[in-house]
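# Breakdown of the fold
What follows is each chain in one-letter form.
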2 protein chains.
Amino acid sequence: MEIIAVGSELLTPYRMDTNSLYLTEGLNRLGIEVVRKVVVGDEPGQLRDAFSEALKRVELVIAIGGLGPTQDDLTREVVAELLGRKLHRDEDILRGIEARFRRFGRNMPEVNARQAMVPEGATVLPNTAGTAPGLWMETDGRIVVLLPGPPQELKPMFEREVAPRLERRSGGVHLFTRELRVAGLPESDVEQRIAPTYTQHPEVQTTILASPGEIQIHLRAWSADAAHSEKLLDELVKRLALALGENLFTTQGESLEEVVARILNAGGATIAVAESCTGGMLAERLTSIPGSSSYFLSSAVCYSNAMKSEWAGVPAALMETKGAVSAEVARALAEGIRRSTGATLGLGVTGIAGPASGMPEKPVGTVHIALAGETETRDREFHFPGDRNRVRTQATLAALDMVRRYFLYAQARPGGQAKG
Amino acid sequence: MEIIAVGSELLTPYRMDTNSLYLTEGLNRLGIEVVRKVVVGDEPGQLRDAFSEALKRVELVIAIGGLGPTQDDLTREVVAELLGRKLHRDEDILRGIEARFRRFGRNMPEVNARQAMVPEGATVLPNTAGTAPGLWMETDGRIVVLLPGPPQELKPMFEREVAPRLERRSGGVHLFTRELRVAGLPESDVEQRIAPTYTQHPEVQTTILASPGEIQIHLRAWSADAAHSEKLLDELVKRLALALGENLFTTQGESLEEVVARILNAGGATIAVAESCTGGMLAERLTSIPGSSSYFLSSAVCYSNAMKSEWAGVPAALMETKGAVSAEVARALAEGIRRSTGATLGLGVTGIAGPASGMPEKPVGTVHIALAGETETRDREFHFPGDRNRVRTQATLAALDMVRRYFLYAQARPGGQAKG
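What counts, and at which threshold
- Residues numbered from 1 in each chain as written.
- Chains lettered and ligands numbered in written order.
- Predicted model: local features only at pLDDT ≥ 70, side-chain atom pairs only at ≥ 80, totals over all residues.
- Helix = DSSP H or I, 4+ residues; strand = E, 2+ residues; numbered from the N terminus.
- Buried ≥ 20, exposed ≤ 12 C-beta atoms within 10 Å, placed from the backbone.
- Contact = placed C-beta atoms within 7 Å.
- Nonpolar A, V, L, I, M, F, W, Y, C, P; charged D, E, K, R; others polar.
- Pairing = 2+ DSSP bridges.
- Expected span 1.5 Å × (residues − 1).
- Core = buried A, V, L, I, M, F, W, Y, C linked by C-beta atoms within 7 Å.
- Axes fitted to C-alpha atoms, helices over the stretch in contact; angles between N-to-C directions.
- Domains from an automatic or database assignment.
- Least-squares fit on C-alpha atoms with pLDDT ≥ 70 in both.
- Parallel < 35°, antiparallel > 145°, perpendicular 65-115°, else oblique.

On to unusual backbone geometry, then. Residues and elements named next belong to chain A. Of note, the amide linkage connecting G354 to P355 takes the cis form, showing an omega dihedral of 5°. The topology assignment puts P355 in the loop between β15 (345–351) and β16 (366–372). Within the chain, D140 stands out as a residue other than glycine whose phi angle is a positive 50°. Position of D140 relative to the elements: it lies in the loop between β7 (134–139) and β8 (142–147). By C-beta crowding, D140 is classed as exposed, having 7 other C-beta atoms within 10 Å.

Moving on to the interface of chain A and chain B. Many structure descriptions define interface size as the accessible area lost when the parts assemble. Each partner contributes residues to the interface: chain A has 52 residues there, and chain B has 53 residues. Sorting the residues of the side of chain A that touches chain B by element identifies α1 (19–29), β2 (36–40), α2 (44–57), β10 (205–211), α9 (281–286), β14 (296–302), α10 (305–312) and α13 (388–412) of chain A as the ones contributing at least two each. Top element by residues in the side of chain A that touches chain B is β14(A). It accounts for seven residues. Grouping the constituent residues of the side of chain A that touches chain B by class yields 24 nonpolar, 18 polar and ten charged. Relative to strand β2 (residues 36–40) of chain B, β2(A) runs antiparallel, the two sharing five bridges. Each residue of the ladder has a partner; that of A:V38, found in β2(B), is B:V38.

Right, let's talk about helix α4 (residues 91–103) of chain A for a bit. The first and last C-alpha atoms of α4(A) sit 18 Å apart over 13 residues, in line with the 18 Å expected at 1.5 Å per residue. The first or second residue beyond α4(A) is A:G105, which carries a positive phi of 70°.

Core analysis: the largest hydrophobic core is formed by 154 residues, its most contacted members being A:I271, A:L333, B:I271 and B:L333. In contact with A:I271, not counting residues within four places along its chain, are A:L264, A:L286, A:Y295, A:F296, A:L297, A:A343, A:T344, A:L345, A:L347 and A:V403. Judged by nonpolar contacts, the second largest core, of 98 residues, contains A:V35, A:L166, B:L27 and B:V162.

Time to look at the sheet that holds strand β10 (residues 205–211) of chain B. All names here are of chain B. Read from one edge to the other, the open sheet built from four strands follows the order β10-β11-β9-β12, with strand pairing classed as antiparallel. The strands lining the two open edges of the sheet, one partner per strand, are β10 and β12 (248–250). Strand-to-strand twist in this sheet, taken as the mean axis angle between neighbours without regard to direction, amounts to 30°. Sheet topology places β10 next to strand β11 (residues 214–223); seven bridges connect them, and they run antiparallel. The residue of β11 that forms the bridge with T207 is H218. The strands that helix α6 (residues 187–198) touches are β9 (174–182), β10 and β11; relative to β10, the one it contacts most, it runs at about 170°.

Attention now goes to the pairing of strand β11 (residues 214–223) of chain A. Residue and element names in this part refer to chain A. By the criterion of burial, β11 is predominantly enclosed, with seven of the ten residues buried. Looking at chain direction, strand β9 (residues 174–182) and β11 are connected through nine bridges and run antiparallel. Note that in β11 the partner of R178 across the bridge is L219. Linking two consecutive strands that pair antiparallel, namely β10 and β11, is a turn of two residues; a positive phi of about 85° is found at G213 within it.

All names here are of chain A. One open sheet accounts for four strands, arranged β10-β11-β9-β12; its pairing is antiparallel. Of all strands in the sheet, those with a lone pairing partner are β10 and β12 (248–250), marking the two edges. Each adjacent strand pair in this sheet contributes to an overall mean axis angle of 30°, direction not counted. Helix α6 (residues 187–198) rests against β9, β10 and β11 of the sheet, and its axis sits at about 170° to β10. Where helix α7 (residues 226–244) meets the sheet, its contacts fall on β9, β11 and β12, and the angle it forms with β9 comes to roughly 15°.

Considered domain by domain, chain A is made up of domain 1 (2–169), domain 2 (176–250) and domain 3 (256–412). A straight line from the C-alpha centre of domain 1 of chain A to that of domain 2 of chain A covers 36 Å.

The next thing to look at is the relation of the copies chain A and chain B. Rotating chain A by 180° and translating it 0.3 Å along the rotation axis places it on chain B, where the RMSD comes to 0.4 Å. Accordingly, the operation relating the two chain copies is best matched by a two-fold axis. Taken together, the interface assignments show that 100% of the residues at the interface of chain A recur at the interface of chain B, consistent with an identical surface on both copies.

We now examine the packing of α10(A) against helix α12 (residues 327–341) of chain A. Residue and element names in this part refer to chain A. At a minimum axis distance of 8 Å, the contact between α10 and α12 shows a crossing angle of 40°. As far as their axial angle goes, α12 and α10 are oblique. For the pair α10 and α12, the contacting residues are K308, W311 and A312 in the first and A332, L333, G336, I337 and S340 in the second.

This is how it looks when you write it as structure tokens:
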């Protein structure tokens, strides 16, 4: 199938078509593969070309956008003309649009009457969150679906109206997926470790995606035999997990902060942070999870040395002799914040995010992270590549990963259990 | 012109073509409009269709991706075949690739030799950051350019090799742009205020884009007369600025944190934050700017009431009687953090980001923000719509905007000047 995203704003440097990701996910779930995506502006000739070319190639075309009330919005008219269908006004739709405006205490502007125009033979897909209905048309064994652009209108319409209709035609083929995520290994190492396994299974599409501090491994199998595919993927995941070892942090597509939140909650543990170069990003990730107040106590974002002393009790002399960016200061931050907040774990981060203030012996990207627990403090030194934002992101993920690994080790020790 | 982004991973729900935004920006600057973007997988038939259709419609086609060394990468071969050109091995390129591998202490894998294959008559575009050279081909008055997919390879190649060649052919038409940004007004109010002005200038494309807490207004004029266009845009910006008043925070596309950083630096002022519901996001924004240590002292990210007392001196009794989410506690946070850090300004944020823990009298989205200066403390109450992330983002931007407006007022007062 092909997706056509309509809208001149999608051809500027400022906005991109993100709807198609959502749509692809829903279509893949139904066993339907997207073979092309096109973005065109609100221009009749361009629109006509896009639809006529797509209809020559594929059986299903879904277009998003261009169903609004203004003169710019031409999708409905262009497609009706291309398919040789007259437009007529649907009085039910018109009454629905008028009622919607009345609910908000307004009269329907005359322009909105256009949204009640329906091509002959089209099935109207009700819009529960806006005025433009969707349209489903069948022609010469092909299906053309027109959906509104605003995501809050598109999504419920796809779920309620489009997915069930496609499901009935799917012929039983579905997509089965797994998502593994890895922290602490570069992409080339991940590839090297898992290639011998996944290349044995060409029937499973394996995609490795790298982002700063994290590698995702997507497994996708198209099949009509659910039991077989689920078993195949489970076995493949098991073998990949063995190859990746403790670097693997989820087999269910969770974010690292979700995994850390789950582990902290399970252990009844709390955490406090003293962070310098990450500038609040570590706290922001930890608190991005709903309900994070159960494990997150506080973060001291301390750029100045004075505040490192004041909030985390880092001795001024230590910063003087070792430098603010040092393993010793990271340890003092972690231990100090743990002590002053009473948290189960204290996390300390200090480093040089750049672009300025790097030094030959401590270049930009140098980051020290320490994790203080009840009986011991661990620290690690990192050298992250990239710009300020990449260094900060990698440092944040590395810090979260140290928390995850702490519990991994705690549980692996005979009789070991993280203290709550 | 049309952009073809090549890569099967771009047809999954996990990854999207972002290169085309960068390319669009560069092409627009040269006066070249993008009329269509296509995403296709690494599949010969699909690739061939995309190129042959594009060449029927437009004079310039730029493809990104599919030049790698593996069997998946087919762009070079498919385009050569489509244009009826034989591929030959370019020994210079081959030596360059071999040398690149040697610099990293490795031998060139045999597969990389494919990247030295060049279609007859093609101009080779050197790759300064990777192994795959780009290719520039002219055929029947059309231009086809093939560029590598990794952004760190694509960008320098576009700037050094592609832009200058296109510039020579541009015929003098260029794009002139302005970007205004607004905080503290909803999109519909922005539209209502500026529509009477911008609709008088249909020769300038005006696009209004809303994101949580911020509205962008993009003005674009295509013209061969630079002096005329610059003057027209300057006058339009002046009139829009008048309509938007103090809600306008930049006419140069700066982020709100960039503007705040500039204002704080100009006034020699420092800032410290005590934030609860924003969970570090406010500190993260303030420190995302290189050199932020000149104005940012620290943020106390205090979820627990105990830490609000400890770090910002908020009286426990106040939180008891007024509730942690209240104007009084926001003021106490702002004044307390200002006092304990010695900053010029103290910023306090407390609210309910959700999704749980809303109450009838304090629903999710309720946020109190206070800004404490030398002589006065201001506070505001907000009710932000949306999910946890949207509430946190809007609260962060509203807090930054209070800092910006503080200096606005300070400078507007007779003899007024922010204290450093």
